[in-house]
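Read off the chains here:
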Amino acid sequence: MTEILSPERADRDASSAAPVVEHPAWPVLKRSVEAIRAAQSPDGSIDFEAEGAPSRAAVEAELDSVCEAVGRISALLPHDAAYHEALTADLRRWAEDGFGIPDFLDSLLAFQPAQNRADRLQHLVVFPMYTQNGNPDRNLEAVVLRMVWPDWLAELERTRYDNPLFCGITFEDFTGGYDTHSAVLFPETIAVREAPARFSWGGIFCDREAARFRRVVAAACDVTGLQLPEEARGLLEDQRRCQETFVLWDMIHDRTHSHGDLPFDPFMIKQRQPFWMYGLEELRCDLTAFHEGLKLEAEGYPQGRDVSYAMLLERLFRFPVTGERKRNYDGLGGQLLFAFLHRHDALRWTDNTLSIDWDLAREVTVKLREAIETLYREGIDRPKLVHWFKAYELVSTYLAPHPGSTWAKGPDALDTSLPPRKLVDEVLPDEFPLSMFYEALAKKLRSVIASTEGITAEAPAHPAAA
């Protein structure tokens with residue numbers, strides 16, 4: 001069973017433990033995990049008959065090395081002792097079963113980082129998993145991380161933004177699956193025989209979020225000529241301040257998925273819906289974080305002010321031009337925010353220079369949140385398909401649909417006798433293409449965004465310094 005530490009004990013362990021990445025067993029563990037990863041198939045199994053595959057004895061030797069290294073490092077991390085014991089058992093069983101599709105349910109259930117959220121507390125995590133926005137295969141991965149849980153954040157979570165499963169985390173070091181754009185550690189990505197009844201934690205790497213934000217936004221301001229207020233410029237110059245901004249934003253965003261006038265499945269995981277519905281849900285959560293940031297700023301929290309700036313800049317500059325265009329729901333939300341601000345004169349592109357009326361932008365952004373909240377509230381009384389069309393109407397008021405879109409022609413163009421999920425097939429992969437502004441911006445920022453792959457807090461913030 002996971003050891004539950006008192007706050008005093010957890011703080012003491014966090015401040016006194018030697019860095020895991022400086023332990024001589026860490027590079028050994030990392031090398032052995034990389035060797036096993038190279039032998040795995042996409043589903044995590046190892047086919048020893050495949051051309052170029054290592055021998056089973058060689059892989060077993062690497063697995064023995066991993067187990068031994070975990071045991072040596074675990075002495076630094078008494079709060080993870082039960083997890084590391086279960087991890088070793090899962091690794092051994094995987095080998096005994098012939099390295100088939102891995103099942104690490106027992107060690108997943110033993111890993112409970114949300115129960116000890118002491119600031120800077122370290123964890124050594126090893127699982128077969130895919131990395132969201134990173135490696136799609138269920139390879140073995142190893143990552144050393146630290147918790148981000150300053151006193152002011154802990155107090156806000158305790159008193160007004162209850163989110164007992166949320167973990168703000170930073171990288172110490174990682175294997176190949178995280179040398180990517182992935183910035184999350186989610187239990188849903190781990191290879192298990194069956195999903196647990198409920199997940200008990202979720203981690204977001206705020207150092208990677210902050211570092212790529214600083215790099216991309218700095219470049220975007222150079223390209224567009226946007227002049228930032230002094231407070232916003234400070235975010236681009238201070239990695240730690242930016243990390244704390246993102247961990248607050250993420251904590252509020254994450255809990256918003258289960259708060260408000262919601263459908264029965266707010267995450268929409270078990271439903272097949274048009275991607276603009278996912279885009280509106282993610283944007284709704286970000287706009288709620290923005291709104292709460294304004295309230296916190298009024299109460300004297302500088303982190304609230306920073307969240308409002310970060311949300312606008314991240315959504316306007318990075319989201320629309322990151323990732324492929326196929327059903328890019330986060331990109332859609334960024335495009336919608338830009339168009340909404342532009343339509344309400346809070347944002348102007350004149351003489352090839354971008355300008356933002358920051359006071360008006362705050363007011364207009366709150367109005368967009370209210371429009372989406374109204375859509376949700378009224379949607380409870382509508383059939384699903386009608387709700388989808390009302391959402392499409394909201395988005396297409398500000399974003400031009402693809403000229404070949406069937407959905408843009410309205411219900412008469414669709415066979416509404418079919419179940420709603422079948423009509424999703426009529427949605428184009430890029431139903432709302434990039435505007436001319438974003439097409440140009442995407443070309444200008446392409447190399448900068450590519451340079452953020454695998455970025456951490458230690459990387460230079462500005463692309464010119466990379």
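Note: the structure precedes this text.
The rules behind each value
- Residues numbered from 1 in each chain as written.
- Predicted model: local features only at pLDDT ≥ 70, side-chain atom pairs only at ≥ 80, totals over all residues.
- Heavy atoms only, no water.
- Salt bridge = Lys/Arg side-chain N within 4 Å of Asp/Glu carboxyl O.
- Helix = DSSP H or I, 4+ residues; strand = E, 2+ residues; numbered from the N terminus.
- Buried < 20%, exposed > 50% of the residue type's maximum accessible area, 1.4 Å probe, protein only.
- Contact = heavy atoms within 4.5 Å.
- Expected span 1.5 Å × (residues − 1).
- Axes fitted to C-alpha atoms, helices over the stretch in contact; angles between N-to-C directions.
- Parallel < 35°, antiparallel > 145°, perpendicular 65-115°, else oblique.
- Left-handed = near helix turned anticlockwise from the far one by under 90°.
- Nonpolar A, V, L, I, M, F, W, Y, C, P; charged D, E, K, R; others polar.
- Phe/Tyr/Trp six-rings, centres within 6.5 Å; stacked < 30°, edge-to-face > 60°.
- Lys NZ or Arg CZ within 6 Å of the ring centre and 35° of its normal.
- Pairing = 2+ DSSP bridges.

In total, this model carries 28 salt bridges according to the counting rule given. For Glu-141, the salt bridge identified is with Arg-37, shortest N-O distance 3.0 Å. Of this pair, Glu-141 sits in strand S2 (residues 139–147) while Arg-37 sits in helix H2 (residues 25–39); the two residues are 104 residues apart in sequence, bridging distant segments of the chain. You can call Glu-141 buried: its relative accessible area is 1%. Classification of Arg-37 by relative accessible area gives buried; the value is 14%. Salt-bridge contacts for Arg-272 lead to Asp-425; the nearest nitrogen and oxygen are separated by 2.7 Å.

In this section: the side chain of Arg-255. Looking at the secondary structure, you find Arg-255 in helix H9 (residues 239–256). In contact with Arg-255, not counting residues within four places along its chain, are Arg-160, Tyr-161, Asp-162 and Asn-163.

Moving on, we get to helix H7 (residues 206–224). With 19 residues, H7 extends 26 Å between its outermost C-alpha atoms, agreeing within 8% with the 27 Å of an ideal straight helix rising 1.5 Å per residue. Where burial is concerned, most of H7 is hidden: 17 out of the 19 residues are buried. Downstream of H7 by a residue or two, Gly-225 has a phi angle that is positive, lying close to 75 degrees.

This brings us to the packing of helix H13 (residues 358–379) against helix H14 (residues 384–398). Where H13 meets H14, the closest approach of the two axes is 10 Å, and the angle between their N-to-C directions is 165 degrees. Between H13 and H14, the interaxial angle falls into the category roughly antiparallel. Every pair of crossing elements has a handedness; the one defined by H13 and H14 is right-handed. Touching Ala-371, Ile-372, Leu-375, Tyr-376 and Gly-379 of H13 are His-387, Lys-390, Ala-391 and Leu-394, all from H14.

Here we take up the packing of H7 against helix H11 (residues 302–318). Put simply, H7 and H11 touch, their axes get as near as 10 Å, and they point 70 degrees apart. As judged from the angle between their axes, H7 and H11 are roughly perpendicular. Between H7 and H11 lies a crossing whose hand is left-handed. The residues of H11 that touch H7, namely those facing Arg-212, Phe-213, Val-216, Val-217, Ala-220, Cys-221 and Thr-224, are Ala-310, Leu-313, Glu-314, Phe-317 and Arg-318. Here the contact of H7 with H11 is built from residues that sort into 8 nonpolar, 1 polar and 3 charged.

On to the packing of aromatic side chains. Applying the stated rule across the entire model yields 28 aromatic pairs. Members of the aromatic cluster, each reached through a chain of ring pairs, are Phe-275, Trp-276, Trp-388, Phe-389, Tyr-392, Trp-407 and Phe-432. Just above the ring of Phe-174 sits the side chain of Arg-208; from NZ or CZ to the centre is 5.2 Å. Taking NZ or CZ as reference, Arg-362 lies 5.5 Å from the ring centre of Tyr-309, over its face.

Here strand S5 (residues 202–205) shows a buried face lined by Gly-202 and Ile-204 and a second buried face lined by Gly-203 and Phe-205. As defined by bridge partners, strand S3 (residues 166–174) adjoins S5 across 4 bridges and the pair is classed as parallel. Bridge pairing in S5 places Gly-168 opposite Ile-204. Bridge count between strand S4 (residues 184–185) and S5: 2 bridges; the pairing is antiparallel. Residue pairing in the sheet places Val-184 in a bridge with Ile-204 of S5.

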